[in-house]
Amino acid sequence: MQDLTHYIGGSHVAGTSGRFADVFNPATGEVQARVPLASSDEMDRAVQIAAEAQPAWAATNPQRRARVLMQFVHLLNRDMDKLAEALSREHGKTLPDAAGDVQRGLEVVEYCIGAPQMLKGEFTDSAGPGIDMYSMRQPLGVTAGITPFNFPAMIPMWMFAPAIACGNAFILKPSERDPSVPLMLAELMEEAGLPKGILQVVNGDKEAVDAILHHPVIQSVGFVGSTPIAEYIYSTGCANGKRVQCFGGAKNHMIVMPDADLDQAADALIGAGYGAAGERCMAISVAVPVGDETADRLIDKLAPRIEALKVGPYTSGTDVDYGPVVTAAAKQNIERLVQSGLDAGAKLVVDGRNFSLQGYEDGFFLGPHLFDHATRDMEIYQKEIFGPVLTTVRAQTYEEALTLAMDHEYGNGTAIFTRDGDAARDFANRVNVGMVGINVPIPVPLAYHTFGGWKKSAFGDLNQHGPDAFKFYTRTKTVTARWPSGIKEGGEFSIPVME
Ligand code: NAD
């Protein structure tokens, strides 16, 4: 069994707290590694190193900083298979899905190569007589991020790429469930030319998180994870004077209108509901067919597709549709919620209980489930299940379907499937959800737009990646300047270049 480390000051460092968490292989159920859980002293050491390294990085011109990210993109592509394998081994998702996890992070790194353009300030010539006014975007200093288990490559990159491109140092506290890929990313950033101490990985649990939230040197905290923890981090971080953005849980509805192409809708629901075993914050977990006839036809199309899903370990390559869930505790929680749906009277059309895979009996696998006739008051509708369970709530009208999505406490993503442009437009305009798909089930915006939900799915005013990230990781300084007239210098005859 392997003992994992922290990555502090440019080196792998063994944990000194004496506390560890087990890292499982979800496909076999075996403990494959131990990850050290940092004490607040270990976090403090990383913060001191970051604070020492950051001013020189901030003073490095933005093009040079961007070149490190360019090289990092090259290294990510070079090591894509290695990263995907390490990710699947700890998370359980299939290899193509793991490569997608790396790729969606890489795309944000590519976007951040444009940092010199994004960091250009504003300038007003002659704001008054002989007076110019300009605004600069300056880095915050030492920044930190706390990330969830379900995208161990993508979400860390969504945070550290813009933070570092802006001239900050960044401390990553990844999920203790799958910490290997974040450690590999930190190594690759240094191989790409990043100075030591600018990106550090401190593994841990609540103690490390609290050390971040209470550390006076840390200026900002980014968080992605479940809503109760998001609320805790947002309120504690803000009370301690930090800039905080937190992204929480989800319950994404897909409205299926009577005029939708139902084969297309069913295919979309299969991928969006069961991909990554439903462990995606943008997974569709609620199908809302409009009208009983639409519902009956949709269920008829869904059931055989769901029954044909192939569930297995990532080592089966492209031959599996989804893998195990992340831990035995996650599996038990999903099973409990399925039982609560049955007890409450929802109809289990596809029953994934008692699923077993020969040779992997101890793995955290779950068969796919499909509920029909669920209602608003049921726990399976209200709670985020985060497993391979799709819940159908029938609506009789478009307005009722819209109201369902609007009344739910989460507002991360949603989708409408229809051929009616007017209905789609009305839905996109009125729904109080941050990311909307029109005949697109998982509307994750690309790197140059921003990602973020509404309601209990996000706390803070700026989204992840896109232009918002450059606002989150910088502060604005505005200078008003008047210069007395002086002696004009002689000419410079060689073309100025960026050294
Ligand atoms: P989680 O909230 O359990 O953990 C997230 C992070 O918080 C981890 O680094 C963990 O170590 C830390 N943490 C856990 N308990 C803590 C505590 N008591 N105090 C302080 N820190 C604590 O979330 P998870 O299970 O890793 O991830 C799944 C959740 O993340 C789902 O709810 C999913 O919807 C959400 N998610 C949201 C988005 C989004 O962008 N909105 C993206 C991905 C995942």
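Computed from a prediction, not measured in an experiment: that's the story for all the values here.

Draft legend 1. Summary view of the domain arrangement of the chain. Under the domain assignment, the chain is made up of domain 1 (2–248 + 457–479) and domain 2 (252–438). If you average the C-alpha positions of domain 1 and of domain 2, the two centres end up 31 Å apart. For the side of domain 1 that touches domain 2, the secondary structure elements donating two or more residues are helix 3 (80–91) and helix 4 (95–112). Looking at the side of domain 1 that touches domain 2, its residues break down into seven nonpolar, eight polar and three charged.

Draft legend 2. Representation of the sheet that holds strand 1 (residues 2–3). In space, the three strands of this open sheet follow the order 1-5-4, with mixed pairing throughout. Of all the strands in the sheet, just strand 1 and strand 4 (20–25) have a single pairing partner and so form its edges. As defined by bridge partners, strand 1 adjoins strand 5 (residues 30–36) across two bridges and the pair is classed as parallel. Among the inter-strand pairings, Asp3 is bridged to a residue of strand 5, identified as Arg34.

Draft legend 3. Region of interest: helix 9 (residues 227–239). Here helix 9 contains 13 residues, and its C-alpha end-to-end distance of 18 Å stays within 8% of the 18 Å for a straight helix at 1.5 Å per residue. All of the buried residues in helix 9 are Thr227, Ala230, Ile233, Tyr234 and Gly237. Taken down its axis, helix 9 places every buried residue within 120° of arc, on the same side. Seen from the open side of helix 9, the exposed residues pointing more than 90 degrees away from its buried face are Pro228 and Ala239. Considering only its buried residues, helix 9 is in contact with strand 8 (142–146), helix 8 (206–214), strand 11 (218–224), strand 12 (243–247) and strand 22 (458–459).

Draft legend 4. Highlighting the pairing of strand 11. Here strand 11 lies mainly inside the structure; six of its seven residues are buried. In the sheet, strand 8 pairs with strand 11 via five bridges, with the strands oriented parallel. The residue bridging Val142 from the neighbouring strand is Ile218, located in strand 11. Of the pairings in the sheet, the one linking strand 11 to strand 12 comprises five bridges and is parallel in character. Considered in strand 12, the bridge of Ser220 is made with Arg243. In terms of handedness, the path from strand 11 via helix 9 over to strand 12 forms a crossover that is right-handed.

Criteria and cut-off values
Residues numbered from 1 in each chain as written. Predicted model: local features only at pLDDT ≥ 70, side-chain atom pairs only at ≥ 80, totals over all residues. Domains from an automatic or database assignment. Helix = DSSP H or I, 4+ residues; strand = E, 2+ residues; numbered from the N terminus. Nonpolar A, V, L, I, M, F, W, Y, C, P; charged D, E, K, R; others polar. Pairing = 2+ DSSP bridges. Expected span 1.5 Å × (residues − 1). Buried ≥ 20, exposed ≤ 12 C-beta atoms within 10 Å, placed from the backbone. Arc of directions from axis to C-beta. Contact = placed C-beta atoms within 7 Å. Right-handed = clockwise from strand over helix to strand, strands pointing away.

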